[in-house]
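Residue-level structure breakdown
Here are the chains, one letter per residue:
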Amino acid sequence: MREMADILGVSTDTLRFYEKKQVMKPEKGENGYRYYTKEDIRNFLWIIYSRKLGFGLEEIVELKNEGGEDVLDQFKAHVLSQMEKERAVIEEHERIIKRLLLTVQDIDSIKTHMGKYSIAAFPAARILSSFPDQHQAIKEWYEIAKQYPGLDMAYLHSSYSLKGEDTCPFKVDLLLYEEAEQEAKLPEAFKECIQMEQTPCVYTVVRKENDEVTREDFRKMEEWAFQNGYEPQPWGWSNVPIFRDGTERPFYYIGLYLPINER
């Protein structure tokens, strides 16, 4: 066994493992030693090749036991099936990378805009669904994400009326940013959803001990807008929230948008 392991460049434990799984069946002599033939070596090389194709041991055993005139078609079917599995893995990894990138962008936005005001266009996005409150929106977000894995990259945005003294959101939108659509593999059912206009806004990030937005948060943005020659609109938007830190006493980072017109 040691000589065979050296020839193939594997450990004796690997050979024993494949024998235990009955993928390889070397002959044993009267002295108890295993004897490997050229056919055993070819068989093992085929196993290694199949493993590199991504096949599991059960599939390899199944492939070995298949025969008949259509054996090539059977093998091709296995290969095509494995290709689809690998593509699905690649797509999921691409979604993970996109999620990580979006998280990095959120963190950079927090560091750049927290406690500061600037003019920014509302990000290009598609409204997947709208809800009367945050609870229903979060519930639907989970349901959609289970059915369409890529749509867990959607964000929740609340809309507020600023005509009075209260800031209770009158609706919550589930938005998918344009830059995430490709990795999300947007289903046909959502491709006709309304696109958000890239409205110019005053933008800031606030750090709060809860995820509630107050009228005072927007009033400060309105004051800044007036001072810089802009006319604020009587509504605003917020991310819900875009990040949080802490455990026993968490802090929330919330992005706020106040649409404006030039005066």
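Model, not experiment: these values are computed from the prediction. Position numbers for residues count from 1 along each chain, tracking the sequence in the order it is written. Local features are withheld for residues below a pLDDT of 70 in this predicted model, meaning they are given only at 70 or higher, and side-chain atom pairs are given and counted only at 80 or more; totals for whole chains, interfaces and linings count all residues. Side-chain numbers come from the whole structure's heavy atoms, not from hydrogens or water.

1. A closer look at the overall build of the protein
Check the secondary structure of the protein and you find eight helices and 12 strands. All radius of gyration figures rest on C-alpha atoms, and the globule criterion is 2.2 Å times the number of residues raised to 0.38. Its C-alpha atoms give the protein a radius of gyration of 30 Å, clearly above 18 Å, the size a compact globule of 263 residues would have. Taken over the C-alpha atoms alone, the protein extends approximately 95 × 40 × 30 Å along its principal axes. Each residue gets one of three labels from its accessible area relative to the maximum for its type: buried under 20%, exposed over 50%, partly exposed in between, using a 1.4 Å probe on protein chains only. Buried positions account for 40% of the 263 residues belonging to the protein. A separation of at least 24 residues holds for 68% of the contacts in the protein among residues at least 6 apart in sequence. Only carbon and sulfur atoms are counted for the fraction: they give 51% of the accessible area of the protein, which is about 16,200 Å². The numbering of helices and of strands both runs from the N terminus, where a helix is a DSSP run of H or I of at least 4 residues and a strand a run of E of at least 2. Here, two residues are considered to be in contact whenever any of their heavy atoms come within 4.5 Å of each other. Areas reported here follow the Shrake-Rupley algorithm with a probe of radius 1.4 Å; residue values treat only the protein chains shown as occluding.

2. Considerations on the pattern of salt bridges
Salt bridge, as applied in this entry: a Lys or Arg side-chain nitrogen positioned within 4 Å of an Asp or Glu carboxyl oxygen. All chains considered together, the criterion is met by 15 salt bridges. We note a salt bridge from Glu181 to Arg126, for which the minimum N-O separation is 2.8 Å. In this pair, Glu181 is assigned in helix 7 (residues 181-184) and Arg126 in strand 4 (residues 125-131), connecting sequence segments 55 residues apart. Arg126 shares its class with Glu181; the two are buried. The residue Arg219 makes a salt bridge to Glu216 at a minimum N-O spacing of 3.1 Å. Of the two residues, Arg219 and Glu216 both sit in helix 8 (residues 215-227), three residues apart, roughly one turn of that helix.

3. Quick notes on the layout of surface pockets
Using a 1 Å grid laid over the protein atoms alone, points where a 1.4 Å probe fits but cannot get out form a cavity; open sets with protein on both sides within 12 Å along at least 5 of 7 lines form a pocket; any residue with an atom within 4 Å of a point counts as lining. Grid points are joined across faces, edges and corners, and a volume is the space filled by probe spheres set on the points. Of the pockets and cavities examined, the largest pocket occupies roughly 530 Å³. What lines the largest pocket is a set of 17 residues, and nearest its centre among them are Trp141, Asp152, Ala154, Tyr155 and Pro241. For the lining of the largest pocket, the secondary-structure elements that each account for two or more residues are helix 5 (71-113), helix 6 (134-147) and strand 5 (155-161). Take the lining of the largest pocket: its biggest share by element is four residues, from helix 5. Size it by volume and the second largest pocket reaches roughly 250 Å³. What lines the second largest pocket is a set of 14 residues, and nearest its centre among them are Gln105, Asp106, Pro123, Tyr177 and Glu179. The greatest single-element share of the lining of the second largest pocket, amounting to four residues, is contributed by helix 5.

4. Here's the deal with the nonpolar core
The term nonpolar core refers to a set of buried residues drawn from Ala, Val, Leu, Ile, Met, Phe, Trp, Tyr and Cys, joined through side-chain atoms within 4.5 Å. Counting 32 residues, the largest nonpolar core has Phe122, Leu128, Leu151, Leu174, Leu176 and Phe190 as the members making the most contacts within it. Only helix 5, strand 4, helix 6, strand 5, strand 6 (169-177), strand 8 (200-208) and strand 12 (251-262) provide two or more residues apiece to this core. Here this core takes five residues from strand 6, the largest share from any one element. Not counting chain neighbours up to four residues away, the residues in contact with Leu174 comprise Arg126, Ile127, Leu128, Ser129, Phe131, Trp141, Ile144, Ala154, Tyr155 and Leu156. Of all hydrophobic cores here, the second largest spans 15 residues; its members include Tyr160, Met221, Tyr230 and Ile254.

5. Observations concerning the side chain of Gln233
Relative to the helices and strands, Gln233 resides in the loop between strand 9 (230-232) and strand 10 (235-239). Its relative accessible area of 14% is what places Gln233 among the buried residues. Beyond its immediate stretch of four places on either side in the chain, Gln233 contacts Leu162, Leu258, Pro259, Ile260 and Asn261.

6. Digging into the pairing of strand 5
Among the seven residues of strand 5, six are classified as buried, and the element is accordingly described as predominantly covered. Paired strands, as defined in this entry, are two strands with at least two bridges between them according to DSSP. Where strand 5 and strand 10 come together, five bridges link them in antiparallel fashion. For Ser159, the partnering residue across the bridge sits in strand 10 and is Trp237.

7. Comments concerning the environment of Asp73
Inspection of the secondary structure puts Asp73 in helix 5. Judged by relative accessible area, Asp73 falls into the exposed class, the value being 56%. Between the alpha carbons of Asp73 and Ala88 there is a distance of 23 Å; along the sequence they are 15 residues apart.

8. Some remarks on the side chain of Ser159
By the element assignment, Ser159 lies in strand 5. N or O atoms within 3.5 Å of each other form a polar contact, as long as, within protein, one can give a hydrogen and the other can take it, and as long as residues adjacent in sequence are counted only when both atoms are side-chain atoms. Of note is the side chain of Ser159, whose polar atom sits 3.4 Å from the side chain of Trp237. Setting aside its immediate chain neighbours within four residues, Ser159 contacts Pro169, Phe170, Lys171, Asp173, Gly236 and Trp237.

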